[in-house]
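A look at the structure
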Amino acid sequence: MSEASVAVHADADLLAQAVAARLVVRLLDAQAERGQASMVLTGGRIAAAVYRAVAALPARDAVDWSRVDVWWGDERFLPAGDPERNETQARAALLDTLPLDPARVHPMPASDGPTGDDPEAGAAAYADELARAARPGHAALPHFDVLMLGVGEDGHVASVFPEHPVHHDTRPVSAVRGSPKPPPVRTTLTLPTINTAEEVWLVASGADKARAVGMALAGAGPVQLPAAGVQGVSRTLWLLDRAAAAEVPPRLRSLR
Ligand SMILES: O=C(O)[C@H](O)[C@@H](O)[C@H](O)[C@H](O)COP(=O)(O)O
């Protein structure tokens, strides 16, 4: 398992630009290595800024988007096309501008989808979809080259919230009820699933994230502060703006 590293950028805009550039390079490297690439998306404001920045980056055309798998780390359990869905936001900001193979885009279930208005059935269906894409001989999950996460003020990542029953769910995908961040019903990859990704990037901007970021990097417990339980297989990268980095422990500051 990887040690966390931290990169700090001056402000939210530069942070989004830098993450976008890193994402394009990460996908290019994965395609050079294994002929394809996979990315796991999230929701929230900074993620949307990253997606817009990728869309505006000329180097994005160097990626063979027809050989990129797109997954989601979490989703709001709402009807397809709802503007609050992470999928809707990612499509509008980026995905609709890319020549993706629709068969490789794997949105999480919608409340009006084939599994109906039952988030548990939706979570099970997504787990099946992941298992169908799993590499032979590996666990029931596909290879994730890069998984992006936002960080909540309370330290949540994806839809894994502090002290929530989702921490006891041993399945790869969980239905979340009673989310403290609206909307209340969500679907999320669980922390052990998130931690199978080759690289996990935690992206946070703004002073209201500083405390959660600082505590996670100082080694808080994952049930109290889910961001503290995130660890990519080969890399765990915190991508912050200066305001969000204000409480990063001094021993990690040298990596700025
Ligand atoms: O569906 C969601 O809301 C997210 O996936 C959530 O985990 C988000 O990434 C963080 O809450 C940070 O969001 P901001 O960048 O908007 O603060």
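For the structure, check the block above.
Residues numbered from 1 in each chain as written. Predicted model: local features only at pLDDT ≥ 70, side-chain atom pairs only at ≥ 80, totals over all residues. Heavy atoms only, no water.

Here we take up the environment of Thr 42. Along the polypeptide, Thr 42 turns up in the loop between β2 (37-41) and α2 (45-55). Judged by its relative accessible area of 4%, Thr 42 is buried. In this structure the C-alpha to C-alpha distance between Thr 42 and Thr 188, which are 146 residues apart in sequence, comes to 9.8 Å. Each residue touching Thr 42, except ones within four places of it in the same chain, is listed here: Ala 47, Tyr 51, Asp 74, Asn 86, Met 148, Leu 149, Gly 150 and Ala 158. Looking at Thr 42, its side chain comes within polar contact range of the side chain of Asp 74, at 3.3 Å. (Helix = DSSP H or I, 4+ residues; strand = E, 2+ residues; numbered from the N terminus. Buried < 20%, exposed > 50% of the residue type's maximum accessible area, 1.4 Å probe, protein only. Contact = heavy atoms within 4.5 Å. Polar contact = N/O pair within 3.5 Å; in protein donor to acceptor, adjacent residues only side chain to side chain.)

What follows concerns the side chain of Ser 205. Looking at where Ser 205 falls in the secondary structure, it is placed in the loop between β8 (199-204) and α6 (210-217). Side-chain polar atoms of Ser 205 contact the side chain of Asp 241, separated by 3.2 Å. When residues no more than four places from it in sequence are discounted, the contact partners of Ser 205 are Ala 12, Leu 15, Ile 46, Asp 241 and Ala 244.

The sheet built from 3 strands is open, its strands ordered β4-β7-β6 with antiparallel pairing. On the outer flanks of this sheet lie β4 (74-76) and β6 (173-176), each paired with one strand and no other. On average, each strand axis in the sheet is tilted by 15° relative to the strand beside it, whichever way the strands run. Sheet strands touched by helix α4 (residues 119-132): β6 and β7 (186-189). Its angle to β6, the strand with the most contacts, is close to 160°. (Pairing = 2+ DSSP bridges. Axes fitted to C-alpha atoms, helices over the stretch in contact; angles between N-to-C directions.)

Next up on the list: the sheet that holds β2. Within a beta sheet, neighbouring strands are joined by backbone hydrogen bonds and run either parallel or antiparallel to one another. If you trace the 6 strands from one edge of the open sheet to the other, you get β1-β9-β8-β5-β2-β3, paired in parallel fashion. Taken across any chain shown, the strands that pair with only one partner, and hence form the sheet edges, are β1 (4-9) and β3 (68-72). The mean angle between the axes of side-by-side strands here comes to 20°, regardless of whether they run parallel or antiparallel. Sheet topology note: the β8/strand β9 (residues 235-241) ladder contains 6 bridges and is parallel. The partner of Glu 199 across the bridge, within β9, is Arg 235.

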